[in-house]
Amino acid sequence: MNVRDDNVSEETKKLISSLPTYKDSLVKLCKYQGCWYYYNTLQAVINFQNNFQPQDTDIILASFPKSGTTWLKALSVALLERSKHDDPLNHPLLSGNPHGIVPFFEIDMYLKSPTPDLTKFSSSSSSSSRLFSTHMPLHTVKQGLKDSPCKVVYLCRNAKDALISRCGVGFYGPIWDHALSYWRGSLENPESVLFMRYEELKRVPCPQLKRLAEFLGCPFTKEEEESGLVEKIIELCSFDNLSGLEVNRTGKTLTNVDHDSFFRKGEVGGWKNYLTPEMENKIDMIIDEELKGSGLTF
Ligand code: A3P
């Protein structure tokens, strides 16, 4: 039984009683600001919204679960820390799982306490920017960021691949509303919100990494490009490299998730091996309808 309603305050319980809820033998979920959460995750979301103190240089990595979050975290750490790790054997990604290096607001930091000691979460310690991550939709994140000009990077993945990768109850959904919040945010404010795609990162990793570096304000210099640094970072963060590291084959996150569960196949279009044409059509129809007129497809 995994109901996840520990650490929920009386005030939040009262809020939950006014929200849409879903319950089965395994989970209890509620829908807050258009997104489904476990009860204790909602408490963490509210803790974050009320208490997070943003710094202007903070960077937030956002995604729907199973969209390549681990990969985006690794690439961002490698980018921001690149000048500090000349020794290829002494890189934080070789000794730490990306989720241990870049904590989630609502899964790690604010889950147990409304006012956590942020120094306990080892986000990008030696870079001048703090790196955080989240699965919350943009409008919910923004409430915690107040009016800070933090940069937000969203990694979007084909909904059917994310669905198959996940293989479980759809908390944080609906996926189309999630992606739409960031899509619209990126159109309204392209300096603050970067919309990236898993498929593009797979197809043309170097230009996409350079795009990310420019957005984060740390573009590659000519010398760095000539020295092959872009390719080296892509290789360091590749599925094969990360999934083969001892630190990612063993161990667990703060919330007890096996590190190796973040690495399955890392492919595009793998859903074709699992969904029938009927299932495919049904999902496509729903998504097309939900995204109609937005300019977003996935
Ligand atoms: P699959 O289950 O399709 O293989 P998240 O990090 O958001 O939980 O997403 C997990 C998905 O990203 C899994 O997809 C996983 O294999 C894939 N993934 C993890 N690391 C990756 C990497 N370095 N490159 C490409 N895909 C990666």
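Residues numbered from 1 in each chain as written. Predicted model: local features only at pLDDT ≥ 70, side-chain atom pairs only at ≥ 80, totals over all residues. Heavy atoms only, no water.

The name an unreviewed UniProt entry gives the protein is Sulfotransferase, with Brassica napus as the organism. Looking at the protein in UniProt, the text filed under Sequence similarities (unreviewed entry) is "Belongs to the sulfotransferase 1 family." (UniProt positions renumbered as here; feature names shortened; annotations may be inferred.)

What to know about the overall build of the protein
Tallying secondary structure elements over the protein gives 16 helices and seven strands in all. With 298 residues in all, the protein has 53% of them scored as buried. Within the protein, contacts between residues separated by at least 24 positions form 73% of all contacts whose residues are at least 6 apart in sequence. For the protein, the accessible area works out to roughly 14,600 Å², and carbon and sulfur atoms hold 53% of it. Taking the average location of the 34 positive side-chain charges in the protein and that of its 38 negative ones, the two points are 4 Å from each other. (Helix = DSSP H or I, 4+ residues; strand = E, 2+ residues; numbered from the N terminus. Buried < 20%, exposed > 50% of the residue type's maximum accessible area, 1.4 Å probe, protein only. Contact = heavy atoms within 4.5 Å. Areas by Shrake-Rupley, 256 points an atom, 1.4 Å probe, with all protein chains shown as cover. Lys, Arg positive; Asp, Glu negative; His and termini not counted. Charge placed at Lys NZ, Arg CZ, Asp CG, Glu CD.)

What about the site of the ligand?
The environment of the ligand is made up of 18 residues, and the closest members are Thr69, Thr70, Ser165, Arg264 and Lys265. Considered on its own, the ligand offers 570 Å² of accessible surface; in the complex 97% of this is hidden by protein. Broken down by secondary-structure element, the contributors of at least two residues to the shell around the ligand are helix 3 (69-80) and helix 14 (239-244). A per-element tally of the shell around the ligand places helix 3 first, with three residues. Its residues assigned to classes, the shell around the ligand comprises seven nonpolar, seven polar and four charged. (Near = heavy atom within 4 Å. Nonpolar A, V, L, I, M, F, W, Y, C, P; charged D, E, K, R; others polar.)

A closer look at the packing of aromatic side chains
By the definition in use, this model includes 14 aromatic pairs. Ring centres of tryptophan 71 and tyrosine 198 lie 5.3 Å apart, and the angle between their planes is 75°; this geometry places the pair in the edge-to-face category. Pair noted here: tryptophan 71 is in helix 3 and tyrosine 198 is in helix 10 (residues 198-203), with a separation of 127 residues, a long-range link. The residues tryptophan 71 and tyrosine 198 share a single accessibility class, namely buried. Ring centres 5.5 Å apart and planes at 40° place the aromatic pair tyrosine 154 and phenylalanine 195 in the tilted group. (Phe/Tyr/Trp six-rings, centres within 6.5 Å; stacked < 30°, edge-to-face > 60°.)

Considering empty space enclosed by the protein
Using the criterion set out here, one finds one cavity of 30 Å³ or more in the structure. Lining of the largest cavity is provided by Arg157, Asp161, Arg264, Lys265, Gly266, Glu267, Gly270, Trp271, Asn273 and Tyr274. Within the lining of the largest cavity, the residues separate by chemical class into two nonpolar, three polar and five charged. (1 Å grid on protein atoms, 1.4 Å probe; cavity = no way out; pocket = protein on both sides within 12 Å on 5 of 7 lines; lining within 4 Å. Points joined across faces, edges and corners; volume = space filled by probe spheres on them.)

Description of the environment of proline 207
Relative to the helices and strands, proline 207 resides in helix 11 (residues 205-215). Through-space distance from the C-alpha of proline 207 to that of valine 230 is 9.0 Å; in sequence the pair is 23 residues apart.

Quick look at the sheet that holds strand 4 (residues 59-63)
Spatial strand order, 5-4-6-7: four strands in an open sheet with parallel pairing. The open sheet has two free edges, formed respectively by strand 5 (131-134) and strand 7 (193-197), since each of these has just one partner strand. With direction set aside, neighbouring strand axes in the sheet form an average angle of 20°. Packed onto the sheet, helix 3 meets strand 4, strand 5 and strand 6 (151-156) and runs at close to 160° relative to strand 4. Sheet strands touched by helix 11: strand 6 and strand 7. Its angle to strand 7, the strand with the most contacts, is close to 170°. (Pairing = 2+ DSSP bridges. Axes fitted to C-alpha atoms, helices over the stretch in contact; angles between N-to-C directions.)

Topic: the pairing of strand 5
Residues Leu131 and Ser133 line one face of strand 5 and the alternating positions Phe132 and Thr134 line the opposite face, and both faces are buried. Note: strand 4 against strand 5, four bridges, orientation parallel. Looking across to strand 5, one finds that isoleucine 60 is bridged to phenylalanine 132.

Some remarks on the pairing of strand 2 (residues 28-32)
Burial analysis of strand 2 places four of its five residues in the buried class, the great majority of the element. Bridge count for strand 1 (residues 21-23) against strand 2 is three bridges, and the pairing is antiparallel. Considered in strand 2, the bridge of threonine 21 is made with cysteine 30. What sits between the antiparallel neighbours strand 1 and strand 2 is a turn of four residues. Bridge count for strand 2 against strand 3 (residues 35-38) is four bridges, and the pairing is antiparallel. From the neighbouring strand, lysine 31 faces strand 3, where its bridge partner is tryptophan 36.

Re the pattern of salt bridges
Under the criterion given, the structure shown has ten salt bridges. A salt bridge links lysine 13 to glutamate 10; its shortest N-O distance comes to 3.5 Å. Taken together, the positions of lysine 13 and glutamate 10, both in helix 1 (residues 10-17) and three residues apart, correspond to about one turn of that helix. By relative accessible area, lysine 13 is classed as partly exposed at 41%. A salt bridge links arginine 82 to glutamate 224; its shortest N-O distance comes to 2.9 Å. Linking arginine 82 in the loop between helix 3 and helix 4 (92-95) with glutamate 224 in helix 12 (residues 222-226), this pair joins segments that are 142 residues apart in sequence. Of the two residues, arginine 82 and glutamate 224, both sit in the buried class. (Salt bridge = Lys/Arg side-chain N within 4 Å of Asp/Glu carboxyl O.)

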